[in-house]
Amino acid sequence: MIQTPMDKYDQHLGKNDANYVPLTPLSFLRRAAEVFPDRLAVIHGVEQRTWAETFARCRRLGSALAARGIKKGDTVAVMAPNVPALFEAHFGVPACGAVLNALNIRIDAEIIAFILNHAEAEVLITDGEFSSVIREALTKLDKRPLVVDIDDQLATSGERLGELTYEELLAEGDPNAPWTLPEDEWNAISLNYTSGTTGNPKGVVCHHRGAYMNAIGNILAWGMPPKPIYLWTLPMFHCNGWCFPWSVAALAGTNVCLRGVQPSAVFESIMEYGVTHLCGAPIVMNMLLNAPESESLELRDRIQMMTAGAAPPAAVLERMDAMGFDVTHAYGLTEVYGPVTVCDWHEEWNERPVAEQAALKARQGVKYPVQEEFFVANPETLEPVPADGETMGELMFRGNVVMKGYLKNPKATEESFEGGVFHTGDLGVTHPDGYIEIRDRSKDIIISGGENISSIEVEGVLYKHPAVLEAAVVARPDDHWGETPCAFVMLKADEGATEESIIEFCRENMAHYKCPKTVVFTELPKTSTGKIQKFVLRERAENL
Ligand code: ADP
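Predicted model only: the values in this text are computed from it and were never measured.

Participant: Explanation requested: the overall build of the protein in the structure shown.
Facilitator: Looking only at helices and strands, the protein has 17 helices and 26 strands in total. For the protein, the spread of C-alpha atoms along the three principal axes comes to 65 × 65 × 50 Å. In the protein, which comprises 544 residues, the proportion classed as buried is 57%. Once local pairs closer than 6 in sequence are excluded, the contacts in the protein between residues at least 24 apart make up 68%. Just so you have it, the protein exposes about 23600 Å², and 50% of that area is on carbon and sulfur atoms.

Written out as structure tokens, the structure reads:
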């Protein structure tokens, strides 16, 4: 940090209580409740609450936790699908100074135990649906946290494991408790473990300031109007629902909860509640497109959808548009609070052919207005690559929407911040218009005969094949070429294709050296956040 000498604009003009308040998304909740107390904040089946009621419940949660001794530096973990309790935890937990650790609901007992031990969780709030995995995880803990059961009316299964229910915990709290902001906006607000496909997961620590910034960043980048009706198709545990619990509060919108993302439930919610906005990984778009219900879908208005988490194939973007969804493509990582770049749209692009528009939109784009720098560079020299759409480098961030670091892992923190920028581990190019496009995660790139092949590019071609439902391309070891692209493909129901016909289709649509040499027809293994597990496929490709 550079210290500048005091000048006349500094003397007697310091920070004080009147002119400086720590930035925190906790402020958004209070405002929503003050300005729109009667507007619906949360809909979960018959359970519907206004902003005033939600604020009261969050004050209860914060004060009940505080009364049980939870304070700054403590961790409160939550294992839940998109239910009101997890939404409330995004406010109630930091309100008592503690850090919210939303757990990925698909992970197994071993990893849950690792995380709870590593985070030293004092409290675990858990939904009945996960009682068997949580029961097993609890047996593996160094120290048992206070276990609180969410007794959700819409849960279909589950058993109580804890000392009390979530509603009983709220009953211990005070609905009029003072709403305390953190003393310092740099305090941690959330802890999210990355999926950790190799080794133990890393705990990404985010701060109040960054969460505040990116909640606003979402609104700016997506052009969100006041009062959105926001459908929770994105897991709220995934990078804190990409900061959207806080964005929706800032706009005093309505959260429509969903325990799962079956297309029928998504379409029903859209129709019933007049949903205006939703988010999801490209796999969610694919699921909606291929659901039988999509054929009879008649949307009253166009729906705004933000996609991120994996590269959306241009063909999928094109079909979503035709179904009535305006798709905004964003990109980010847990380390940058979820999405923090967007393929910001230029109006003149509307004149281009539809397929070209989809290709433009498939790019990860440019930084959010709240992020300082986003660029592609040589990872060693940090020299930016030329904007030629060809030279690959690593995607880097710098600015206020970057994590504090990894919990209790100074080595990983230092490595990721080497040279004063955050290294994403994603590889891509800068186009002449300055827009950035991901070509791969560094570990997913295929090197064949010395040439780099982007698995995403090959997948983009495969998704254009009319019989292909899902596709993933990984490297397969090859004696002659070193590696060759190996495609794993799931066909649409009632469609057929042969390995030869798929390869032939690829040869017609891209440079021959990039075409898959092997095609395997199979279901694709996925993570809970909708990413195809390429490491599983790589192992399979090695053993073919
Ligand atoms: P993990 O998948 O490791 O749990 P994240 O959820 O933070 O962690 O995922 C971030 C990664 O997802 C990025 O590094 C990138 O590889 C991928 N990703 C996210 N958004 C996009 C996108 N729009 N296009 C391509 N890849 C994306």
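Now that the structure has been shown, we can carry on.
Participant: Explain the site of the ligand here, please?
Facilitator: Close contacts around the ligand come from 17 residues, with His238, Thr334, Asp426, Arg441 and Lys531 the closest. The separation between an oxygen atom of the ligand and a polar side-chain atom of His238 is 2.7 Å. Measuring from an oxygen atom of the ligand, one finds a side-chain N or O atom of Lys531 at 2.6 Å. Relative to its unbound accessible area of 570 Å², the ligand is 91% covered by the protein chains. For the shell around the ligand, the secondary-structure elements that each account for two or more residues are β14 (325-333) and β21 (436-441). Ranked by the residues each element gives to the shell around the ligand, the list is headed by β14, at five residues. Residues belonging to the shell around the ligand are distributed by class as follows: seven nonpolar, seven polar and three charged.

Participant: How do you make sense of the pairing of strand β26 (residues 518-521) when you look at a structure like this?
Facilitator: Both faces of the sheet carry side chains from a regular strand, because those side chains alternate between them. In this sheet, β26 lies alongside strand β25 (residues 482-491) in parallel orientation, the contact comprising four bridges. Among the inter-strand pairings, Cys486 is bridged to a residue of β26, identified as Thr518. The handedness of the β25 to β26 crossover, carried by helix α16 (residues 499-509), is right-handed.

Participant: Looking at this model, I keep getting lost on the environment of Ile283. Mind explaining?
Facilitator: Within the element layout of this structure, Ile283 appears in helix α11 (residues 282-289). Look at Ile283 and you get buried, because its relative accessible area is 16%. Spatially, the C-alpha atoms of Ile283 and Lys531 are 7.6 Å apart, while their sequence positions differ by 248 residues. In this structure Ile283 touches Glu470, Lys526, Gly530 and Ile532, once residues within four positions along its chain are discounted.

Participant: How should the pattern of salt bridges be read in this particular structure?
Facilitator: Side-chain pairing between opposite charges can occur once the charged atoms of the two side chains come close. For the structure shown, the criterion picks out 30 salt bridges. One salt bridge in this structure joins Glu129 and Arg259, with 2.7 Å as the shortest N-O distance. On the criterion of sequence distance, the pair formed by Glu129 in the loop between β5 (121-127) and α5 (131-139) and Arg259 in the loop between β11 (254-256) and α10 (263-273) is long-range, its members being 130 residues apart. A relative accessible area of 35% places Glu129 in the partly exposed class. Notably, a salt bridge pairs Glu159 with Arg135, separated by 2.7 Å at the nearest N-O pair. Here the residue Glu159 occupies a position in the loop between β6 (146-150) and β7 (164-165), and Arg135 occupies one in helix α5, the gap between them amounting to 24 residues. Here Glu159 falls in the partly exposed class, since its relative accessible area comes to 41%.

Participant: When you look at the side chain of Asp127 in this model, what are you seeing that I'm missing?
Facilitator: On the secondary structure map, Asp127 appears in strand β5. Residue classification places Asp127 among the buried positions, given a relative accessible area of 1%. Within the structure, Asp127 has its side chain in polar contact with the backbone nitrogen of Glu129 (distance 3.0 Å). Every residue in contact with Asp127, bar those within four places of it in the chain, is listed here: Met79, Ala80, Pro81, Val83, Ile150, Asp152, Ala155 and Arg259.

Participant: Can you help me understand the sheet that holds strand β24 (residues 468-478) in this one?
Facilitator: Whether parallel or antiparallel, the strands of a sheet pair through hydrogen bonds between backbone atoms. One open sheet accounts for three strands, arranged β24-β25-β26; its pairing is mixed. Each edge of the open sheet is held by one strand with a lone partner, namely β24 and β26. Looking at each pair of strands side by side, their axes are set apart by 25 degrees on average, direction ignored. This element, α16, spans β24 and β26 of the sheet and lies at about 125 degrees to β26. Against the sheet, helix α17 (residues 534-542) makes contact with β24, β25 and β26, and its axis sits at roughly 55 degrees relative to β24, the strand it touches most.

Participant: Looking at this model, I keep getting lost on the sheet that holds β21. Mind explaining?
Facilitator: Taken in spatial order, the four strands make up an open sheet running β17-β18-β20-β21, and their pairing is antiparallel. Bordering the open sheet on either side are β17 (373-377) and β21, each of which pairs with just one other strand. In this sheet, neighbouring strand axes are inclined to one another by 45 degrees on average, regardless of whether the strands run parallel or antiparallel.

Participant: Please clarify how the side chain of Asn214 should be interpreted in this entry.
Facilitator: In this structure, Asn214 sits in helix α7 (residues 208-222). Taking the relative accessible area as the measure of exposure, Asn214 reaches 0% and is therefore buried. The residues contacting Asn214, other than those within four sequence positions of it, are Cys243, Ser247, Val336, Tyr337, Pro339, Val340, Tyr368, Val370 and Val401.

Participant: Which parts of the structure should I look at to understand the environment of Gln371?
Facilitator: Structurally, the position occupied by Gln371 is in the loop between β16 (366-367) and β17. A relative accessible area of 2% means that Gln371 is categorised as buried. Beyond its immediate chain neighbours, meaning those up to four positions away, Gln371 contacts Val336, Val340, Phe397, Arg398, Gly399, Asn400, Val401 and Val402. One polar contact links the side chain of Gln371 to the main-chain amide nitrogen of Asn400, over a distance of 3.5 Å.

Participant: Explain helix α13 (residues 354-361) to me, please; I cannot follow it from the model alone.
Facilitator: One turn of the α-helix equals 3.6 residues, which is why residues spaced by three or four share an orientation. Within the sequence span of α13, burial applies to Gln357, Ala358, Leu360 and Lys361. Along the long axis of α13, the arc covered by the buried residues comes to 160 degrees, so they all point the same way. Buried-residue contacts for α13 involve α12 (314-323) and β14.

Participant: Whenever I open this one, helix α1 (residues 26-35) confuses me. Can you help?
Facilitator: If you check which residues of α1 are buried, you get Leu26, Phe28, Leu29, Ala32 and Ala33. The arc that holds every buried residue of α1, seen down its axis, measures 160 degrees, which confines them to one face. In this structure, the buried residues of α1 make contact with α2 (51-67), α3 (84-95), α7 and α9 (244-250).

Participant: Is there a simple way to think about unusual backbone geometry in this case?
Facilitator: Phi is mostly negative for residues that are not glycine, and the peptide bonds are mostly trans. The phi torsion at Ala252 lies on the positive side, around 50 degrees, for a residue other than glycine. Inspection of the secondary structure puts Ala252 in the loop between α9 and β11.

Participant: Sorry, what's going on with the pairing of β25 here?
Facilitator: Extensive coverage of β25 is indicated by the burial of seven of its ten residues. Where β24 folds back onto β25 in an antiparallel hairpin, the turn is made up of three residues.

Participant: Explanation requested: the packing of aromatic side chains in the structure shown.
Facilitator: Within a pair of aromatic rings, the relevant descriptors are the distance that separates the centres and the angle that separates the planes. Using the criterion set out here, one finds 13 aromatic pairs in the structure. Between the aromatic rings of Trp345 and Trp349, the centroid separation amounts to 5.0 Å while the plane-to-plane angle is 85 degrees, which identifies the pairing as edge-to-face. Residue classification places Trp345 among the partly exposed positions, given a relative accessible area of 29%. Through a chain of ring-to-ring contacts, three or more aromatic side chains come together here, namely Trp222, Tyr230, Trp232 and Phe244. A cation sits over an aromatic face here: Lys202 above Tyr406, 4.7 Å from the ring centre. Over the ring of Trp345 we find Lys361, and its NZ or CZ is 4.9 Å from the ring centre.

Rules and cut-offs
Residues numbered from 1 in each chain as written. Predicted model: local features only at pLDDT ≥ 70, side-chain atom pairs only at ≥ 80, totals over all residues. Heavy atoms only, no water. Helix = DSSP H or I, 4+ residues; strand = E, 2+ residues; numbered from the N terminus. Buried < 20%, exposed > 50% of the residue type's maximum accessible area, 1.4 Å probe, protein only. Contact = heavy atoms within 4.5 Å. Areas by Shrake-Rupley, 256 points an atom, 1.4 Å probe, with all protein chains shown as cover. Near = heavy atom within 4 Å. Polar contact = N/O pair within 3.5 Å; in protein donor to acceptor, adjacent residues only side chain to side chain. Nonpolar A, V, L, I, M, F, W, Y, C, P; charged D, E, K, R; others polar. Pairing = 2+ DSSP bridges. Right-handed = clockwise from strand over helix to strand, strands pointing away. Salt bridge = Lys/Arg side-chain N within 4 Å of Asp/Glu carboxyl O. Axes fitted to C-alpha atoms, helices over the stretch in contact; angles between N-to-C directions. Arc of directions from axis to C-beta. Phe/Tyr/Trp six-rings, centres within 6.5 Å; stacked < 30°, edge-to-face > 60°. Lys NZ or Arg CZ within 6 Å of the ring centre and 35° of its normal.

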